[in-house]
Amino acid sequence: MLRLSPRLLGLLAALTMLPVVQSLSADPAPFDLAGPTLELTVTRGTVTLPAARVPSLAPGDRLHLKADLPSQQDAHYLMVAAFLRGATNPPPADWFVRCETWGGRCATEGLTLTVPKDAQQLLVFLAPETGGDFKTLMSAVRGRPGAFVRTSQDLNQATLDRSRLEAYLRAIRSLADADPARLKDVAPLLARSLAIKVDEKCLDKMATLQAPCLMQGRESLILNDGHSASLAQALTSGPASDLAMDASNTAQLRSGYYGPYIGSLFDIARIFDSFHTAQYQYIPALATAQEAKLPLVLNAAPSFHDPKSVLVMALPSVDHAQLPPLHAVDPKETLCARRSPLVLPVEGAPLVFSTGFAHQMQLKVTTHAGRVVLLPAHADPERGGFVADTAALKDVDLGSAVRATLEGYWGFDTYAGPEFGLTDDRSLSFALAPGDEAALIVGRQDTVRLRAANTRCVSDVVLRDGAGVEHRTEWHARSPEELEVKLPLEQVTPGEVTLLVRQFGVADAQSLTAHAYAEASRLESFVLHAGDAQGSLHGSRLDQVQSLILRDVEFAPGELESAEGHDSLVLAATEPHAAGQLRPGDVGRARVLLKDGRTLEVKVTVAPPRPSATLIDLDAQSYAVRTGVDIRLAGAREIPQQSRVIFSLRAQEPRTFDRQERLEVATEEGVSAVLEGGSGLTFQNAHVAVASFDPAKALGVSAYGPLRYRLLSGDAAGDWHPLGTLVRLPALQRFDCPDDAERPCVLTGDRLFLLDSISGDAQFSRTTRVPDGFPGQSLEVPHPAASQIYLKLRDDPQVISVAVLDPHPGLAAGTSPGS
């Protein structure tokens, strides 16, 4: 069991005094108070950049730092810049530079700093003027460098996370004021660009209610972003590691678990509270960079009485450049170079969209002739990528396919980003897909397919009827070479119609002529399987069918499917019992009543019953490697994903198998596998079949939930029958409990997000719920009464399973539950 030094125990006790975090159910105070403004420029070599474009510093960089205070400022602030060199190495005294902001040369010209060779972090303090303020600050930093290193890291992380949140909120507010109807389309792009969590239920609300819903729980909207963390990362060891409370993994009563932004704020608050003295208290300040200006925002009002408030802000860490891991959303996609604006869909680096670190961005296009064309580009989170100005391509022939690279600068460093495929083929010829020429029927919406060598540059498809009236269509790309177009033919008269295909950058539309027919229902056949209460009517123009009468049994129309000029209409019996009396082999004719009052006849075939088989028994043997804590499933039909499943079936209809049957196993989402003789299906005899399969291999590692099976015979498919519930299991490795039974235990393992909840008793009187998408590898759980805990799996939360704890060492270094 972990033993803490008396000094560290005292420090941890002091941390609990912070009012902001007295209760884990309270969120940190928001940063909504305007503070002073600093000005910062950084020079590296001969290049000078404003603060907004500098993601990190490097040894030798020259910084010009100035406090931009109002002329009527009464309170005198001493500005102190302090370089740090890691958690266990106090900085030398000459790494601290002071500036009296109320008078003298420093007040008007500011500080000029050079980043020392071994520096790793840079903090700026604004302290009220007192006699020993400078020495007090220097002593505090030199005495506990690890705590201030952690402060620098957390302030940088919070600043970067807050930039993403503010960019998201600005966009949502702007759209809510200007065009609320666009929120439904734009919000998912904002979420992807800025790594923001969006509640999709908000997009189902009225347009005027979407924006308030999308902005609820602001701080918790921010998702983890590895790039931000790498930029803010500082070297920590020793005391700083003790101070890292890891608040992002602390249980929180209302929102489940803190996100990275709130976690950083909690760490800052706890560390600062440990610095609290009778003379000074420390207040964190976050900066929103606006070119060279750094307006500070605070989460507490400064005090000019004892204890006086010292404002603390972090400048970018001193580190190698961490270039953004930006990548194309679909690397295989080819974009239309003539489209204006040209959007390059990218993701993976939210800071590209929320900060000015990426600048002078451009799309470098190289033609087949070797000519290089540079297109200015800028990040636009509302469009989900970079927007390139294609004006320079007006007189450039790119041909059918070229490659282009997004490049520019990340701070002082050159940056080469993802590549994109571009097309500019202006000699395309469109044609209707085979079979669609005669598929247009007036009086309803119909669907055709347009094909060409490349459809990326299509901007619109319009239907022009015989009277010259143009009708808007709904269309989308099924593939790079094919468009699916829904034609509004409800009010179009029979005769010739014209499809106008318009393309970006091409003045004249390409026209295709087709014929729209006025056709009554053409009936081919009605097929019904014996024992079924519904059948399928085949033909064309079946949208006109009102009912079908077969031997005094009436069938009503259901779902209609149309493809390549042929319709298939499902008809269900209004009296299912009467339909069930029909026998296989019965043939005859049925009367079909159309909506216009006409009556037609159609040939009827009663096919053999659908094949079926009943489940005899099922066995699932897990082959997953034991990892320390054994999970025993309690559900009679629960099937581990990593298992060998064997189940047996008895023929029901027909009564015997002919050994040509196949067996389909599927999830409710439609993921399926087909077993057949010699490949997963064995016939014990003419009446019994035995099936075996590996769910992870047959259905994929993402399959879960209720499984079902059905028998296939020729073209006939039987009804679905339940088989069991497929569950994915976490790998539980350790279960550590303290001696004190009132304190929680810690469960360690992988894929803990597969757990729904955990309890120390079967009644779930004391329960730990696992948040959706939980990424951690440990959970605090109630102290069990015996050597087992009770689990509900996320894939089957209605069943309570048991995890048997290892009675040997491993329970907190030999501590067993209940001891």
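You'll find the structure just up there.
Residues numbered from 1 in each chain as written. Predicted model: local features only at pLDDT ≥ 70, side-chain atom pairs only at ≥ 80, totals over all residues. Heavy atoms only, no water.

1. What to know about the sheet that holds strand β17 (residues 372–380)
Next up, step 1: Read across the sheet, eight strands follow the order β13-β15-β18-β17-β16-β19-β20-β14 without closing on themselves; strand pairing throughout is mixed. Whereas interior strands pair on both sides, the edge strands pair on one side only; in this sheet they are β13 (327–328) and β14 (334–336). (Pairing = 2+ DSSP bridges. Helix = DSSP H or I, 4+ residues; strand = E, 2+ residues; numbered from the N terminus.)

2. With respect to the pattern of salt bridges
Next up, step 1: Summed over all chains, the structure comprises 33 salt bridges.
Next up, step 2: Among the salt bridges present, the one from Asp-306 reaches Lys-308, with a minimum N-O distance of 2.8 Å.
Next up, step 3: With relative accessibility at 52%, the residue Asp-306 sits in the exposed group.
Next up, step 4: Look at Lys-308 and you get buried, because its relative accessible area is 17%.
Next up, step 5: Linking Glu-524 and Arg-522 is a salt bridge whose minimum nitrogen-to-oxygen distance equals 3.0 Å.
Next up, step 6: A residue is classified by how much of its surface remains accessible, and Arg-522, at 37% relative accessible area, is partly exposed.
Next up, step 7: Each of Arg-444, Asp-446, Arg-541, Asp-543 and Asp-567 takes part in a single network of salt bridges with overlapping partners. (Salt bridge = Lys/Arg side-chain N within 4 Å of Asp/Glu carboxyl O. Buried < 20%, exposed > 50% of the residue type's maximum accessible area, 1.4 Å probe, protein only.)

3. Describing the state of the cysteines
Next up, step 1: Per the counting criterion, the structure on display carries three disulfides.
Next up, step 2: The disulfide that involves Cys-737 links it to Cys-745, with 2.0 Å between the sulfurs. Handedness here is read from the sign of the S-S torsion; for Cys-737 and Cys-745, about 105 degrees, the answer is right-handed. Exposure class is identical for Cys-737 and Cys-745. Each is buried. (Disulfide = S-S within 2.5 Å.)

4. What about helix α3 (residues 133–143)?
Next up, step 1: Every buried residue belonging to α3 is among Asp-133, Phe-134, Leu-137, Met-138 and Val-141, and all of these are buried. Taken end-on, α3 shows its buried residues confined to a sector of 125 degrees, consistent with a single buried face. α3 presents Lys-135 and Gly-143 as exposed residues on the side facing more than 90 degrees away from its buried surface.
Next up, step 2: The inward-facing, buried residues of α3 abut β4 (77–84), β5 (96–100), β7 (121–128), α4 (145–178), β10 (280–287) and β12 (308–315). (Arc of directions from axis to C-beta. Contact = heavy atoms within 4.5 Å.)

Taken by themselves, the reported measurements are silent on function.
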